[in-house]
Structure formats: structure tokens, C-alpha cells
Amino acid sequence: MKNQPIGIFDSGVGGLTLAQSVRQILPGESIIYFGDTAHLPYGDKSAGAIQYYSRKITEFLLGHGAKVILVACNSASASAFDVLKEEYRDRTEIIDVIGPVVDYLCTRDYAKVGVIGTKRTIESGSYESRIKAKSPGTDVFSLATPLLVPMIEEGFVFDDISNAIIRTYLSRGSFADIQALVLACTHYPIRKNQISKIFDFGIEIIDSGKPVSAILKEYLETNILLNDSGKKDDRFFVSDYTPYFEKVARMFFDGEINLKKADIWK
Ligand code: DGL
């Protein structure tokens, strides 16, 4: 089991930002990645639809030998994590992106934090309720920022369009006194610098990469599941293939990447 791959899934190829962090922190591990490009964006879907997709994808990854499942997508973590955790508790460990980020955030003892993500993630109130449960004194301001995903995928960075969109969202008064901002979406980490600049680099910008990879590493170490074979075999699947997805995937992941279509919805 220990030499089997880490299963990672997302609504599309944005979750490769998390795969990249996993690669940095656990360079000896194989990755099997599934991007549900046939159904993206998850940010506009209902919780029920995302739960249905997430179950199917989890089955696919387990069928390909995944030793643990990482839900890289914030929208899926917000809507399907509890269901998956319960349904698969006898078969595998499921790790989401929200719990590790909230655990990290609550060690920082901030008076006020901001959270930005998709409509699904923000409307679920998942970050807010989990932060409040652990750190009742922390004030949370959350905002759905749906224009950021298409903007990032289209490659707008440090130009008039992206500066205007980011500034319009983040210059709301309620963000004025935050001490940290959670980037609760797979895509946002690659614009971390541009987002940070809006706050004059004066607040902590938190994405899921480090906290989630650290939890994953701890889990693999504790359960003697680190790959010790010296061999790796990464595989990247999508449910719908276009050259555009391949191009966007390369924006999010540095290593070699070849997307293969896996039609799990037939
Ligand atoms: N992967 C999604 C997330 O992190 C963003 C893209 C989408 O809406 O599907 O919430």
C-alpha cells in the first residue's frame, strides 16, 4: 500500500496548485490526479451535484490504487468532505483543504480575517463556521470572488483588467482591518503576490498548499505509508479533454504533465 499513489481531485486543473505543493513537500511520492473538467466549475453547482461527482471520482481514484484521497477543490471540500469522510471511513483516509487551513489559522490568534472563494465555498459558510468553532473571538469576513477563476485561466496578471477586478473585490471596507486573508480556491495561489500587493504586503495571505501538504505528510509518516520504493509514476486524468485544459494545467504545475481523458461519466 505504501508505494501506491496519493489521489488528488479537483473540479478541473486548478487543483494542480495543491499537487505542486505536495510534490515539493513529498518529492518521493507518486500522484494520481483527477480533474473533473466535464463538470467545472463546481463553484456554481449545488452541494448535491458536487457530492455525486466527488463519490464517483473517489471510486475512480481508489480503483487506481490511491492510498489516500486529497480533496483539492475548496468547493468540494465545503460540500462533499463530510459525506465522503463518513462513507469511506473503512476504506481510506480523506483529507480536505479547509480543516488544515482553519487549524493553521487558529494558531495565529488573529482578531479579524478575510476569506475569498467561489460562490459555493462562501455560501456554504464552511470556513466561517469552522473558524468560529475553534476561535470564537476571531471576526471573519467572507466574499465570493467568482471573476478570479476565469481571469486567472485567461492569463491576466498585473495588468489593468486583473488589477481592477482584484482591487474592486478587495477594497471593500470590511477587508480594511483584516490581519490575514484565506485564498479559499485552487486558482488563487498563483496570484498571491498580486493579491498581497492590494494590502501593501502587510497581512498574511494563506493558501492551502503548506498546511494541507504538512497534514498529508504527517498522516503518511504516522501510518508508515511513505513511498520507499525509490520509484514514482505520476498520472493526470481529466473527464473532458481540450488543448486549453492542457495549457492551463501547465500554468499550475511545473513538472512534466500529460492529461489523459478518463470518461468516468458514461
Ligand atoms: N476548484 C474550485 C475551488 O477550489 C474552483 C474552480 C471551480 O469553481 O470549479 O473551489
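Treat the numbers as computed from the prediction; the structure is a model and nothing was measured.

Visitor: Explain unusual backbone geometry residue by residue, including any values.
Guide: The step from Leu 40 to Pro 41 runs through a cis peptide bond, and the omega angle for that step is 5°. At Asp 109, a position not held by glycine, the phi torsion is positive, near 60°. Tracing the backbone through its elements, the reader meets Asp 109 in the loop between α4 (98–106) and β5 (112–117). Backbone geometry at Phe 201 places phi at a positive 55°, although glycine is not the residue there.

Visitor: Pulling in residues and values, what's your account of the pairing of strand β9 (residues 235–238)?
Guide: Where strand β2 (residues 31–35) and β9 come together, 4 bridges link them in parallel fashion. The residue bridging Gly 35 from the neighbouring strand is Val 238, located in β9. When β9 meets strand β10 (residues 259–261), the two strands line up parallel, connected through 3 bridges. Looking across to β10, one finds that Phe 236 is bridged to Leu 259. Traced from β9 through helix α11 (residues 243–252) to β10, the parallel crossover comes out right-handed.

Visitor: I'd like a description of the packing of α4 against helix α6 (residues 126–134), backed by residues and values.
Guide: Relative orientation of the contacting elements α4 and α6 amounts to 40°, with a least axis distance of 10 Å. Considered as vectors, α4 and α6 are oriented oblique to each other. As α4 packs across α6, the resulting crossing turns out to be right-handed. In this structure, α4 contributes Ile 98, Gly 99, Val 101, Val 102, Asp 103, Leu 105 and Cys 106 to the contact, and α6 contributes Ser 126, Tyr 127, Arg 130, Ile 131 and Lys 134. Tallied by class, residues from the contact of α4 with α6 come to 7 nonpolar, 2 polar and 3 charged.

Visitor: Got a sec to walk through the sheet that holds strand β8 (residues 204–206)? Specific residues and values, please.
Guide: Strand order across the open sheet formed by 4 strands is β6-β5-β7-β8, with parallel pairing between neighbours. Only two strands of the sheet have a single partner each, and these edge strands are β6 (139–144) and β8. Strand-to-strand twist across the sheet, computed as the mean angle between neighbouring axes with direction ignored, equals 20°. By the bridge criterion, 5 bridges tie β5 to strand β7 (residues 180–184) in an arrangement that is parallel. Paired with Ile 116 across the two strands is Leu 183, which belongs to β7.

Visitor: How would you explain the environment of Pro 41 if you had to name every residue and give the values?
Guide: Inspection of the secondary structure assignment puts Pro 41 in the loop between β2 and α2 (47–63). Its relative accessible area of 40% is what places Pro 41 among the partly exposed residues. As for Pro 41 and Val 149, which are separated by 108 residues in sequence, their C-alpha atoms are 9.1 Å apart.

Visitor: Please provide a residue-by-residue account of the packing of aromatic side chains, values included.
Guide: Following the criterion strictly, the structure yields 10 aromatic pairs and no others. Ring geometry for Tyr 53 against Trp 265: centres 5.6 Å apart, planes inclined by 75°, an arrangement best described as edge-to-face. Separated by 212 residues along the polypeptide, Tyr 53 in helix α2 and Trp 265 in the segment after β10 bring together distant segments of the chain. Classification of Tyr 53 by relative accessible area gives buried; the value is 11%. Relative to Phe 175, the ring of Phe 141 lies with its centre 4.8 Å away and its plane at 80°, an arrangement referred to as edge-to-face.

Visitor: Requested: an account of the state of the cysteines, with residues and values cited.
Guide: By the definition in use, this model includes 0 disulfides. Not part of a disulfide, Cys 73 finds its nearest cysteine sulfur in Cys 185, a span of 7.5 Å. Cys 73 gets classed as buried once you look at its relative accessible area, which sits at 4%.

Visitor: So what's going on with the pattern of salt bridges? Residues and values would help.
Guide: All told, the structure shown has 16 salt bridges when counted by the stated rule. Glu 29 serves as the salt-bridge partner of Lys 67, at 2.6 Å between the closest nitrogen and oxygen. Here the residue Lys 67 occupies a position in the loop between α2 and β3 (68–71), and Glu 29 occupies one in the loop between α1 (16–25) and β2, the gap between them amounting to 38 residues. You can call Lys 67 buried: its relative accessible area is 2%. Ionic pairing is found between Glu 93 and Lys 85, a salt bridge with its closest N-O pair at 3.3 Å. Since its relative accessible area comes to 26%, Glu 93 is described here as partly exposed. Take Lys 85: its relative accessible area is 32%, and that puts it in the partly exposed class.

Conventions we followed
The residue count restarts for each chain, going from 1 along the sequence in the order it is written. Note on the predicted model: pLDDT of at least 70 is required for a residue's local features to be given, and 80 or more for side-chain atom pairs to be given and counted; whole-chain, interface and lining totals, by contrast, use all residues. Calculated side-chain values reflect all of the structure's heavy atoms, with hydrogen atoms and water omitted. Numbered from the N terminus, helices here are DSSP runs of H or I no shorter than four residues, and strands are runs of E no shorter than two. Here the rule is simple: two strands pair whenever DSSP picks up at least two bridges between them. Handedness is read with the strands pointing away from the viewer; a crossover is right-handed when the path from the first strand over the helix to the second is clockwise. Helix axes are fitted to C-alpha atoms over the stretch in contact, other axes to C-alpha atoms as well, and angles between N-to-C directions run from 0 to 180 degrees. Roughly parallel means an angle under 35 degrees; roughly antiparallel, over 145; roughly perpendicular, 65 to 115; everything else is oblique. Crossings are assigned a handedness: left-handed for a near helix turned anticlockwise from the far helix by less than a right angle, right-handed for a clockwise turn. The contact criterion used is simple: two residues touch if any of their non-hydrogen atoms lie within 4.5 Å. Amino acids are sorted into nonpolar (Ala, Val, Leu, Ile, Met, Phe, Trp, Tyr, Cys and Pro), charged (Asp, Glu, Lys and Arg) and polar (every other residue, Gly among them). For every residue, the accessible area (1.4 Å probe, protein chains only) is compared with the maximum for its type, and the residue is labelled buried under 20%, exposed over 50%, or partly exposed between those bounds. Pairing of aromatic side chains here covers Phe, Tyr and the six-membered ring of Trp, requires ring centres within 6.5 Å, and sorts the geometry by plane angle: under 30 degrees stacked, over 60 edge-to-face, intermediate tilted. For this text, the term disulfide refers to a pair of cysteine sulfurs within 2.5 Å. Think of a salt bridge as a Lys or Arg side-chain nitrogen and an Asp or Glu carboxyl oxygen that are within 4 Å of each other.

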